[in-house]
Amino acid sequence: MGATRRPDPGLKLTGLAVLAFALAPVPAYADQFVEAADNATIDCELARGELTRIALIDDGFANVSKIASGFPYNDFQVTHEPVRGDIYISVPPQFAAARVSFFATSKAGYVYKFACRLGGEEATQLFITNPALAKAAATEWETETGPEDAAIRLIEAMASDAVLPGFTARAELSAPRRTGGIEVQLVAEYQGDELTGQRFLVRNLGQESLALGSEREGAAGPRSRHRDRALLPRRQLRRVLCRQGELRARR
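Treat the numbers as computed from the prediction; the structure is a model and nothing was measured.

What is meant by a disulfide is a covalent connection between two cysteines, made through their sulfur atoms. In the structure shown here, the tally under the stated rule is one disulfide. Here cysteine 44 engages in a disulfide with cysteine 116; their sulfurs sit 2.0 Å apart. As the torsion about the S-S bond is roughly 60°, the cysteine 44-cysteine 116 disulfide counts as right-handed. Taken together, the residues span a long stretch of sequence, with cysteine 44 in strand S2 (residues 41-46) and cysteine 116 in strand S8 (residues 111-118) at a distance of 72 residues. Given the relative accessible area of 0%, cysteine 116 is considered buried.

One open sheet accounts for five strands, arranged S1-S9-S3-S6-S5; its pairing is mixed. At either margin of the open sheet sits one strand with a lone partner, and together these are strand S1 (32-35) and strand S5 (77-81). Each strand of the sheet is rotated relative to its neighbour by a mean of 20°, with strand direction disregarded. Strand direction decides the pairing type here: strand S3 (residues 51-56) and strand S6 (residues 86-90), joined by four bridges, are antiparallel. Within S6, the residue paired with leucine 51 across the bridge is serine 90.

For helix H2 (residues 131-142), with twelve residues, the first-to-last C-alpha span of 17 Å sits near the 16 Å given by 1.5 Å per residue. Of the positions making up H2, those classed as buried are Leu133, Ala138, Trp141 and Glu142. N-capping of H2 is provided by asparagine 130, with a side-chain oxygen placed 3.0 Å from the backbone N of alanine 132.

With respect to the helices and strands, the residue arginine 153 is situated in helix H3 (residues 147-159). The residues contacting arginine 153, other than those within four sequence positions of it, are Trp141, Glu142, Glu144 and Thr145.

The phi dihedral of asparagine 39 falls on the positive side, at around 70°, and the residue is not glycine. Mapped onto the elements of the fold, asparagine 39 is located in the loop between S1 and S2. Overall, asparagine 39 belongs to the exposed group, its relative accessible area being 60%. A positive phi is found at aspartate 161, a non-glycine position, where the angle reads about 60°.

Judged by pairing direction, the sheet is mixed, and its four strands sit side by side in the order S2-S8-S7-S4 without closing on themselves. Strands at the two margins of the open sheet, each flanked by one partner only, are S2 and strand S4 (61-65). On average, each strand axis in the sheet is inclined to that of its neighbour by 30°, with strand direction left out of account.

Moving on: the pairing of strand S7 (residues 99-106). Burial along S7 is one-sided: Val100, Phe102, Ala104 and Ser106 are buried, and none of Arg99, Ser101, Phe103 and Thr105, which face the opposite way, are. Here four bridges tie S4 to S7, and the two strands are oriented antiparallel to one another. Of the residues in S7, the one forming a bridge with asparagine 63 is threonine 105. Direction of pairing for S7 relative to S8: antiparallel, over a ladder of seven bridges. Across the sheet, residue phenylalanine 102 finds its bridge partner in S8, namely phenylalanine 114.

It is worth spelling out the packing of aromatic side chains at this point. The description of an aromatic ring pair uses the distance of the two centres, along with the angle that the planes make with each other. The final tally for this structure, using the stated rule, is six aromatic pairs. Ring geometry for phenylalanine 76 versus phenylalanine 95: centroids 6.4 Å apart, planes at 75°, classification edge-to-face. Of this pair, phenylalanine 76 sits in the loop between S4 and S5 while phenylalanine 95 sits in the loop between S6 and S7, placing them 19 residues apart in sequence. For phenylalanine 76, a relative accessible area of 5% puts it in the buried group. By relative accessible area, phenylalanine 95 is classed as buried at 10%. Ring geometry for tryptophan 141 and phenylalanine 167: centres 5.4 Å apart, planes at 80°, overall edge-to-face.

This part takes up H3. Side chains of residues three or four places apart in an α-helix project in the same direction, reflecting 3.6 residues per turn. Its 13 residues give H3 an end-to-end C-alpha distance of 18 Å, which sits within 8% of 18 Å, the value for a rise of 1.5 Å per residue. Along H3, the positions that sit buried rather than exposed are Ala150, Ala151, Arg153, Leu154, Ile155, Ala157, Met158 and Ala159. Once H3 ends, the next one or two residues include aspartate 161, with phi positive near 60°.

A separate point is the environment of valine 34. The residue valine 34 is located in strand S1 in this model. In this view, valine 34 contacts Ile42, Leu126, Phe127, Ile128 and Thr129; residues no more than four positions away in its chain are not counted.

Analysis parameters
- Residues numbered from 1 in each chain as written.
- Predicted model: local features only at pLDDT ≥ 70, side-chain atom pairs only at ≥ 80, totals over all residues.
- Heavy atoms only, no water.
- Disulfide = S-S within 2.5 Å.
- Helix = DSSP H or I, 4+ residues; strand = E, 2+ residues; numbered from the N terminus.
- Buried < 20%, exposed > 50% of the residue type's maximum accessible area, 1.4 Å probe, protein only.
- Pairing = 2+ DSSP bridges.
- Axes fitted to C-alpha atoms, helices over the stretch in contact; angles between N-to-C directions.
- Expected span 1.5 Å × (residues − 1).
- Polar contact = N/O pair within 3.5 Å; in protein donor to acceptor, adjacent residues only side chain to side chain.
- Contact = heavy atoms within 4.5 Å.
- Phe/Tyr/Trp six-rings, centres within 6.5 Å; stacked < 30°, edge-to-face > 60°.

Shown next, in the form of structure tokens:
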């Protein structure tokens, strides 16, 4: 006769407990990151009964405008931290409304409207970036010298993998393009305000050396830089190309 095994109720209860623990909601108090332009409305979450820090990346708060309710138990407080320019929002636990709204002006002159819902009782942080600030930094870097010198500086910076203020640097690995025995592939791009630089890999797939000119065109056309006057067969080199203005429209 075969033996019949009775199930262990303890194992069943343990399995249910593990499953319940795995399915239990876990509170998440992640930092918030928002990109906003001038005069934008920022939707965010503030902590109820705790502090919420709001920071402007590469900027700071100069002024906050809000309406006071006249009742301390039903009003929120704003504290300005002058060293970094951040603000701290304190909402009391008994605050009646479900949302909080106010206006703020930054040191750089940008105005933001905050329309925030109230969340959990855990301190949180909100970080705000404004793309116009990066553009201003890129413009300042480009206008330190004339257009021709700025293009040369960009080419030299790209050749050394330098980090430029306000520029967006991206790895742009495109499909190689071949013309005869020459293959060209885009591998990186730097984009500022008016200047855009691109780095290419040039491969000589032919059997003879490829002669490369050393001239640079004027401000109206692209400028380029390479390290060798001749590209040997089955070899490759970097080439950096810089254009002003019109390249961005052609992308």
